[in-house]
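Chain residues, written in single-letter form:
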Amino acid sequence: MDKQQEQLKTLQEIRSMMERSSRFISLSGLSGVIAGVAAISGVVAAYIFLGMNIDDPGYYKHVVNSDGILNERVYNFLVIDIFVVFVVSLLAATLLTKQKAKEQALPVWDTTAKRLLVNILIPLITGAAFCLILLYHNYIALIAPVTLIFYGLSLLNASKYTLNDVRYLGVVEIITGLIAAFVIEYALLFWAFGFGVAHIVYGIAMYFKYEK
């Protein structure tokens, strides 16, 4: 019996070594929670700036002028708002991932991390370019759903180089984005759900599953 347990332990160690070498497993669940809180805070700030109530979800009419062109003042605010959310999320992910990697005695920047980053960036950059095209053609209402869809695709694309659970978050983001594209007037609320609530739930689940 002791021999069988020893063999099982050896197999588990081999599996762990293979996983460490082929997957980036230092992603922090807490960074997902922080990103989610930042996203919800950004949406709340947008609602306050636009003078909207929760029972008045049709944000599109608040961001364009009478001629249907994006209001420059609103545009400047939204750019700053999104930038702040992005920077806070990125800093949290970077710092907490470095801390977790240090605790696990794993390198932060290796071949697997580079592959993960490339596979995340390809769909994200494509999505960003597509959003600029939508903005150019004044299809402003579709930008929020498109960001969700391409973000979900980036998670799916990168999931083979990190925790499998990332794949499920990617599917949720894609579905949320597709639904938001059908009900444009609720797009900001769906954006808050996709980037906010989903990230918080995912982050808490990952924390208790892998870090607690």
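Here, every reference points to the structure presented above.
Keep in mind it's a predicted model, so treat the numbers as computed, not measured.

Conventions and cut-offs
- Residues numbered from 1 in each chain as written.
- Predicted model: local features only at pLDDT ≥ 70, side-chain atom pairs only at ≥ 80, totals over all residues.
- Heavy atoms only, no water.
- Helix = DSSP H or I, 4+ residues; strand = E, 2+ residues; numbered from the N terminus.
- Buried < 20%, exposed > 50% of the residue type's maximum accessible area, 1.4 Å probe, protein only.
- Contact = heavy atoms within 4.5 Å.
- Phe/Tyr/Trp six-rings, centres within 6.5 Å; stacked < 30°, edge-to-face > 60°.
- Core = buried A, V, L, I, M, F, W, Y, C linked by side-chain atoms within 4.5 Å.
- Axes fitted to C-alpha atoms, helices over the stretch in contact; angles between N-to-C directions.
- Parallel < 35°, antiparallel > 145°, perpendicular 65-115°, else oblique.
- Left-handed = near helix turned anticlockwise from the far one by under 90°.
- Nonpolar A, V, L, I, M, F, W, Y, C, P; charged D, E, K, R; others polar.
- Patch = residues over 30% accessible without salt bridge, like charges linked within 9 Å, V, L, I, M, F, W, Y side chains within 5 Å.
- Areas by Shrake-Rupley, 256 points an atom, 1.4 Å probe, with all protein chains shown as cover.
- Salt bridge = Lys/Arg side-chain N within 4 Å of Asp/Glu carboxyl O.

A.B. asks: Report on the overall build of the chain, specifying residues and quantitative values.
C.D. replies: Along its length, the chain carries eight helices and zero strands. Overall, the chain shows an N-to-C arrangement of helices and strands of α-α-α-α-α-α-α-α. Of all 212 residues assigned to the chain, the portion counted as buried reaches 39%. Pairs at least 24 apart in sequence give 75% of the contacts found in the chain among residues at least 6 apart.

A.B. asks: So, the packing of aromatic side chains: which residues are in play, and what are the values?
C.D. replies: The tally for this structure, following the rule as stated, stands at five aromatic pairs. Residues F49 and F77 carry aromatic rings whose centres are separated by 4.0 Å and whose planes lie at 5° to one another, so their mutual orientation is stacked. Of this pair, F49 sits in helix α2 (residues 29-50) while F77 sits in helix α4 (residues 72-103), and the two are 28 residues apart along the sequence. The class of F49 is partly exposed, set by a relative accessible area of 26%.

A.B. asks: Quick rundown of the nonpolar core? Include the residues and the values.
C.D. replies: Within the largest apolar cluster, 23 residues are counted, with the highest numbers of intra-cluster contacts made by W191 and F195. Listing elements by their share of this core, those giving two or more residues are α2, α4, α6 (143-158), α7 (165-182) and α8 (187-211).

A.B. asks: Tell me about the packing of α6 against α7, residues and numbers included.
C.D. replies: Where α6 contacts α7, the two axes come as close as 7 Å, and the packing angle between them is 160°. Considering their axes alone, α6 and α7 lie roughly antiparallel with respect to each other. Of the two elements, α6 crosses α7, and the hand of that crossing is left-handed. Residues P145, L148, I149, Y151, G152, L153, L155 and L156 of α6 form the contact with α7, whose participating residues are V166, R167, L169, G170, V171, E173, I174, T176, G177, L178, A180 and A181. A per-class count over the contact of α6 with α7 returns 14 nonpolar, four polar and two charged.

A.B. asks: Please provide a residue-by-residue account of unusual backbone geometry, values included.
C.D. replies: Phi is positive for N138, close to 70°, though the residue is something other than glycine. Summarising the element assignment, N138 is placed in the loop between α5 (111-136) and α6. Among the residues examined, N138 registers a relative accessible area of 24% and is labelled partly exposed.

A.B. asks: Can you lay out the packing of α2 against α4 for me, pointing to particular residues and giving the numbers?
C.D. replies: Where α2 contacts α4, the axes come no closer than 8 Å and their chain directions differ by 165°. Considering their axes alone, α2 and α4 lie roughly antiparallel with respect to each other. Judged by the twist between their axes, the crossing of α2 over α4 is right-handed. Contacts between α2 and α4 involve L30, S31, I34, A35, A38, A39, G42, A45, A46, F49 and L50 from the former and R73, V74, F77, L78, D81, V85, V88, S89, A92, A93 and L96 from the latter. Considered class by class, the residues forming the contact of α2 with α4 number 17 nonpolar, three polar and two charged.

A.B. asks: For a nonpolar patch on the surface, give the residues involved together with the corresponding values.
C.D. replies: On the surface, a cluster of nonpolar side chains totalling about 440 Å² of accessible area is made up of I34, I80, F83, V84 and V88. Take the nonpolar patch: its biggest share by element is four residues, from α4. Topologically, V84 is positioned in helix α4. Since its relative accessible area comes to 43%, V84 is described here as partly exposed.

A.B. asks: Please set out the pattern of salt bridges residue by residue, giving values where relevant.
C.D. replies: Applying the stated criterion across every chain, the model contains one salt bridge. The closest approach of N and O atoms between D165 and K209, which form a salt bridge, is 3.0 Å. Of the two residues, D165 is situated in helix α7 and K209 in helix α8; the sequence distance between them amounts to 44 residues. Residue classification places D165 among the buried residues on the basis of a relative accessible area of 11%.

By themselves, these are just geometric observations and shouldn't be taken as functional.
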